[in-house]
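# Chains, contacts and geometry: an overview
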Amino acid sequence: MKRILVTGGLGFIGSHTVVELQNEGFEVVIIDDLSNSTIGVLDKITEITGIQPAFHQIDLKNKKEVKKFFDTTTVDGIIHFAAFKAVGESMHKPLDYYENNLGSLVYLLQQMRDHKLDNFIFSSSCTVYGQADELPITEKAPVKTAESVYGNTKQIGEEIIKDTCKAYNLNSIALRYFNPIGAHPSVKIGELPIGVPQNLIPYVTQTAAGIRKELSVFGDDYDTKDGTAVRDYIHVVDLAKAHIAALQRLIKKNNTKSFEFFNVGTGKGSSVLEVIKAFEKITGKPLNYKIVGRREGDITAAFADTTNANKELNWKTEKSLEEALEAAWKWQQQNEI
Ligand code: UD1
């Protein structure tokens, strides 16, 4: 049985990935510092799969603690989710973001080198493309100057991994996520936004639940089908499965380069108004929203060309936007957050 370390394994994407890893017969060890997650998620994972994953509360910025972990535990692969992810906050706290997102990455890679470990999956983002010149976005699209500190940590993170793979004979895959949404069909795990949500779907579900008065739609003057911005919303369970596919590729040594990256989306672009309409159909009632000005830093449209991920990872999405929205809504109703 292969043992996989999942950092940030109690977070939104991390917890769903732990479930899929266990479903596929992997043994999972979680490291999480609980800075943006709760320990209760561990029990929920156990309820879903019937298997309690090993858990270590470790802050990955603590180099000594990281070393201690790897001195006593050996793993066959690492999926590294642990990172700060709030775009706005990253602009006010750049050093916190660089220290947390890049310091921890370096310490992990150092331990992999020292303990001769291999197979590293990195959480990257479609934000590395900025507003791409061509749609859908292929992996050939150039990486553009990052608009946010958060985005820059993803770009620099990929560079660090690429150089490390070359120098120390490591193998890694970065997955460039589009917009992850939804929750587990069991409704036991999902996204737990702290405070006022910045992302569209949690704002939509909280508005429908009456927690927020009204959703602001940021701009209807974009050059898109209905004037609102277009994104590629992927169900978190589909996204979680892409990690297992990437891990299998590395374990089976099917990768063609020591560092590879793949777009992980559905390939379908949806506008904000389309999301609202689909959501209204699910709840059966109108959503309270108004059109306001554009949000600073937002791009017009982004959706993935998934040809490479489909072919090379032998993976494709199975769930629709409607299923993802329905799961997000069920999760909202159960949690009342
Ligand atoms: C954001 C981040 C991006 C990150 C991604 C996934 C920014 C600038 N970018 O992208 O780096 O990788 O989340 O977590 O924050 N919208 C509204 N009203 C709202 C909220 C959003 O109209 O209250 C619109 C936005 O303008 C956008 C779409 O909904 O067009 C999606 O927004 P969001 O969920 O924040 O994701 P991104 O902006 O794509």
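Rules used throughout
- Residues numbered from 1 in each chain as written.
- Predicted model: local features only at pLDDT ≥ 70, side-chain atom pairs only at ≥ 80, totals over all residues.
- Heavy atoms only, no water.
- Helix = DSSP H or I, 4+ residues; strand = E, 2+ residues; numbered from the N terminus.
- Expected span 1.5 Å × (residues − 1).
- Buried < 20%, exposed > 50% of the residue type's maximum accessible area, 1.4 Å probe, protein only.
- Core = buried A, V, L, I, M, F, W, Y, C linked by side-chain atoms within 4.5 Å.
- Contact = heavy atoms within 4.5 Å.
- Near = heavy atom within 4 Å.
- Polar contact = N/O pair within 3.5 Å; in protein donor to acceptor, adjacent residues only side chain to side chain.
- Areas by Shrake-Rupley, 256 points an atom, 1.4 Å probe, with all protein chains shown as cover.
- Nonpolar A, V, L, I, M, F, W, Y, C, P; charged D, E, K, R; others polar.
- Pairing = 2+ DSSP bridges.
- Axes fitted to C-alpha atoms, helices over the stretch in contact; angles between N-to-C directions.
- Salt bridge = Lys/Arg side-chain N within 4 Å of Asp/Glu carboxyl O.

### Structural notes on helix α8 (residues 236-251)
Here α8 is 16 residues long and its end C-alpha atoms lie 23 Å apart, about the 22 Å a rise of 1.5 Å per residue gives. Counting buried residues in α8 gives 13 out of 16 residues, a clear majority hidden from the surface. One or two positions beyond α8, positive phi appears at Lys253, with a value near 55 degrees.

### Digging into the nonpolar core
The tendency in soluble globular proteins is for nonpolar side chains to be buried side by side. If you look at the biggest cluster of nonpolar residues, it comprises 35 residues, and the most contacted ones within it are Leu21, Ile121, Ile173, Leu175, Leu313 and Trp315. Among the elements of the structure, β1 (3-7), α1 (12-23), β2 (27-32), α2 (40-49), β6 (172-177), α8 and β11 (259-264) are those that each provide at least two residues to this core. The biggest single contributor to this core is α8, with eight residues. Apart from the residues within four sequence positions on either side, Leu313 is in contact with Ile173, Leu175, Ala242, Ala245, Ala246, Arg249, Phe262 and Asn308.

### A closer look at the site of the ligand
With respect to spatial proximity, 18 residues lie near the ligand, and among them Leu200, Ser216, Arg231, Arg295 and Asp298 are the closest. With respect to the ligand, the side chain of Asn199 contributes an N or O atom lying 3.1 Å from an oxygen atom. Within the backbone of Ser216, an N or O atom sits 2.7 Å from a nitrogen atom of the ligand. Summarising the interface, the protein chains cover 85% of the accessible area of the ligand, which totals 730 Å² for the free molecule. Among the elements that make up the shell around the ligand, the one with the highest residue count is strand β8 (residues 215-218) (four residues). Broken down by class, the residue content of the shell around the ligand amounts to nine nonpolar, six polar and three charged.

### Focus: the sheet that holds strand β5 (residues 120-125)
Taken together, the seven strands give an open sheet; going across it, the order is β3-β2-β1-β4-β5-β6-β11, and neighbouring strands pair in parallel fashion. Whereas interior strands pair on both sides, the edge strands pair on one side only; in this sheet they are β3 (54-57) and β11. Adjacent strand axes in the sheet meet at a mean angle of 20 degrees when their direction is disregarded. Packed on one face of the sheet, α8 meets β1, β4 (77-80), β5, β6 and β11 and runs near 160 degrees to β6.

### Here we look at the pattern of salt bridges
Overall, the coordinates contain 18 salt bridges when judged by the stated rule. The salt bridge involving Glu65 is made with Lys68; its shortest N-O contact spans 3.7 Å. Residue Glu65 and its partner Lys68 are both found in helix α3 (residues 63-72); the two are separated by three residues, about one turn of the helix. The exposure class assigned to Glu65 is partly exposed, which follows from its relative accessible area of 29%. The salt bridge involving Glu89 is made with Lys93; its shortest N-O contact spans 3.6 Å. Overall, the relative accessible area of 35% leaves Glu89 in the partly exposed class.

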